Structure formats: C-alpha cells, structure tokens
Amino acid sequence: MAVVQVACIHCQQTINVVKNGKAETGHQRYRCRDCNKSFQLEYRYNGNLPGTHERIIKMTMNGSGIRDIGRVLEISPTTVLAHLKNSTRLQ
C-alpha cells in the first residue's frame, strides 16, 4: 500500500489532512482538520485552481480585457466576469 503525504494548500500542515469524499469529477477531496478547509490536488477546470482569482485581478489591473484573460488562462470569459464581480463585493 502506498502512502501519499498530502499538505494543506491553505496552512501547509501535513499531519491533520484526511480524505473527504470525491468530487463530481471523480477526483479525491481532502479536508484539513487544523484550518477546517476542503481542497483537491487535481482540478478538471482551470477556473477552480488556487491562485486563479489573484491572476485575474492582476491581469485586469494591467489592462487586459475579459476575453484576453479567458484566452490566456484557458477559462470562460463568464468565469472571469464572475470573479471580477465577486472581488468588488469583498473590498
């Protein structure tokens, strides 16, 4: 039996990470008992990857358009627009 050491993508703890079911796509989900957040190691869609939201904001601040951002990050322009709408509510 192979053991894979999984680190939480939020707090980088490796001891208290447990399996937490499977996503609709069939990929394994994990949950960190320290920060109580759930995550996956593999994502089918690039819009769900950690750090995508920050990349969208940075590209917008540098003058890239919605379609250009979607083309570069290989995600839907609708997803880009949704990230931008949600970012204005947080500030």
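Before going into details, it helps to say that this report is about the structure given with it.

Reading guide: rules and limits
- Residues numbered from 1 in each chain as written.
- Predicted model: local features only at pLDDT ≥ 70, side-chain atom pairs only at ≥ 80, totals over all residues.
- Heavy atoms only, no water.
- Helix = DSSP H or I, 4+ residues; strand = E, 2+ residues; numbered from the N terminus.
- Rg over C-alpha atoms; globule rule 2.2 N^0.38 Å.
- Buried < 20%, exposed > 50% of the residue type's maximum accessible area, 1.4 Å probe, protein only.
- Contact = heavy atoms within 4.5 Å.
- Lys, Arg positive; Asp, Glu negative; His and termini not counted.
- Charge placed at Lys NZ, Arg CZ, Asp CG, Glu CD.
- Pairing = 2+ DSSP bridges.
- Axes fitted to C-alpha atoms, helices over the stretch in contact; angles between N-to-C directions.
- Polar contact = N/O pair within 3.5 Å; in protein donor to acceptor, adjacent residues only side chain to side chain.

The secondary structure content of the chain amounts to three helices and three strands. Helices (α) and strands (β) of the chain occur, in sequence order from the N terminus, as β-β-β-α-α-α. In terms of overall size, the chain is more extended than a compact globule, its C-alpha atoms giving a radius of gyration of 16 Å where 91 residues would be expected to give roughly 12 Å. Referenced to the eigenvectors of the C-alpha coordinate spread, the extents of the chain come out at roughly 50 × 25 × 20 Å. The 91 residues of the chain split such that 23% are buried. Of the contacts made within the chain by residues no fewer than 6 positions apart, 29% connect residues no fewer than 24 positions apart. Averaging the coordinates of the 13 positive side-chain charges in the chain and doing the same for the 6 negative ones gives two points 4 Å apart.

Pairing is antiparallel in the open sheet, where three strands are placed in the order β1-β2-β3. Of all the strands in the sheet, just β1 (17-22) and β3 (38-40) have a single pairing partner and so form its edges. Here the strands of the sheet are splayed against their neighbours by 35 degrees on average, with no regard to which way each runs. Alignment of strand β2 (residues 28-32) against β3, held across three bridges, turns out to be antiparallel. From the neighbouring strand, Arg 29 faces β3, where its bridge partner is Gln 40.

What follows covers the side chain of Gln 40. Structurally, the position occupied by Gln 40 is in strand β3. Within polar-contact distance, the side chain of Gln 40 engages the side chain of Arg 29 at 2.8 Å. Those residues in contact with Gln 40 that lie beyond four places of it in its chain are Ala 23, His 27, Gln 28 and Arg 29.

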